[in-house]
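Each chain, written out:
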Amino acid sequence: MAIRQAAKAESIINSRGIVEDQDGENENTDDSNLQVELTVFRAQWMSELKPNSGSNGGNRGLSSRAADLRRKQELAREEKARELFLKAVEEEENGAVYEAIKYYRRAMQIVPDIEFKINYSRSPDPDGGNENDMDGEIEDLLAYFHQQLTLQDNSLKICVPEVEMTQMHISALPPEVLIYIFRWVVSSDLDLRALEQLSLVCRGFYICARDPEIWRLACLRVWGRSCTKLVPFNSWREMFLERPRVRFDGVYISKTAYIRQGEESLDGFYRAWHQVEYYRYLRFFPDGQVMMLTTPEDPMVTVPRLRSRNTRVESIMCGHYRLSQDTDNQTKVFVVVSKRKEEKVAEYQRNSRFCRRNPAALETEHSFHVGLQLSSGGRQSFNKLNWIHHSCHINYRSTGETVVTAFDLDQMYASFFFARVKSYTAFSERPL
């Protein structure tokens, strides 16, 4: 593709009058153009020699013949350009780069958009199969790999070493062991992106990465008992890729910025204005846990600290979440978070004098309930969370009473956007 783009750019430059210093290439292009024009001139000359039946009929005949000649001219040019373009493709496949560039340039000089007018056809399948449909092609590809890797004794071999080896090759492992290794690649953090990259190694890895049991376990980790049926999806892999869900290989970040008016100076000549910026972070885990952090620190500093769920970041809140899909086909995420108990005890110890004055402070629990709507934006899927609810629940242990305070959602509640973090899935603690 890069060769074609280079040839196309070079042909455009040549058409603007820049002199090229290559022997014989301009002459070949001029000869091909002259041949086309000569053919059109001969056809026009022969048509003019034929007698006309009348003046009006002759005018109509001339206009129709002129239109036919123009069409023939365009077809002749396109056929010549198509022949040169296919010749360039053949030379490129054979490794003759410079010859391919020459033919690409000549073809694009005749018809600049010839690349988009060619219907590429695949070579016929030796088994007589037709793979025009994309879905059928994928299914046939998986079946084809199975057929290629199956030996005469009907035993599946994962792969074949390219060169002779003195040590044990990975092809000696049975498929069950290799699939278990793949489950370590996916890990308990559901790193299915690494599994897709691993499937590009060879045909055997492609087959193992499409194992339905791996994708079924991944779906069970995300949706639990609500994914016992495949309908309306055709496979567990399709369900995991298409069904709305939160992502685990990164963090959702929300940035809020506003201007706050400061105090007036003592002399009364000016009043300060402050620009306030802070971030909210949400990280989800496949087991239903979630971490939420509000801090003014930049993501470059905060994101690495959220790698582990046992982080010691101050003011971080932990809790759980659940997915809910309403009748309007909108997927929502409900989050309940609160401060950790050990952090509460440490805070009360620092303020022990206040605790002795107000012992009721030890008997209250604060939890925050957040409602978010999951959506997709841009090229990424499930990468946006919009606020739909935010409230604080204060539970008094002595009386069992719970006071709920709902917050008004305004411009201070910016949407969360997903950012993938490679370090979150760099290591595997447990297999899938």
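What counts, and where the lines are drawn
Residues numbered from 1 in each chain as written. Predicted model: local features only at pLDDT ≥ 70, side-chain atom pairs only at ≥ 80, totals over all residues. Heavy atoms only, no water. Helix = DSSP H or I, 4+ residues; strand = E, 2+ residues; numbered from the N terminus. Buried < 20%, exposed > 50% of the residue type's maximum accessible area, 1.4 Å probe, protein only. Salt bridge = Lys/Arg side-chain N within 4 Å of Asp/Glu carboxyl O.

1. Comments concerning the environment of Q411
The residue Q411 is located in the loop between β8 (402-406) and β9 (416-420) in this model. Residue classification places Q411 among the exposed positions, given a relative accessible area of 66%. Separated by 153 residues in sequence, Q411 and Y258 have C-alpha atoms that sit 9.2 Å apart.

2. Topic: the pattern of salt bridges
Counted by the stated rule, this structure contains nine salt bridges. Between E196 and R237 there is a salt bridge, with its nearest N and O atoms 2.7 Å apart. A residue pair is termed long-range when its members are at least 10 positions apart, and E196 in helix α7 (residues 192-198) and R237 in helix α10 (residues 236-242) qualify at 41 residues. For E196, a relative accessible area of 23% translates into the label partly exposed.

3. Examining unusual backbone geometry
A positive phi is found at L190, a non-glycine position, where the angle reads about 55°. Mapped onto the elements, L190 comes out in the loop between α6 (175-186) and α7. On the basis of relative accessibility, which here comes to 6%, the residue L190 falls in the buried class.

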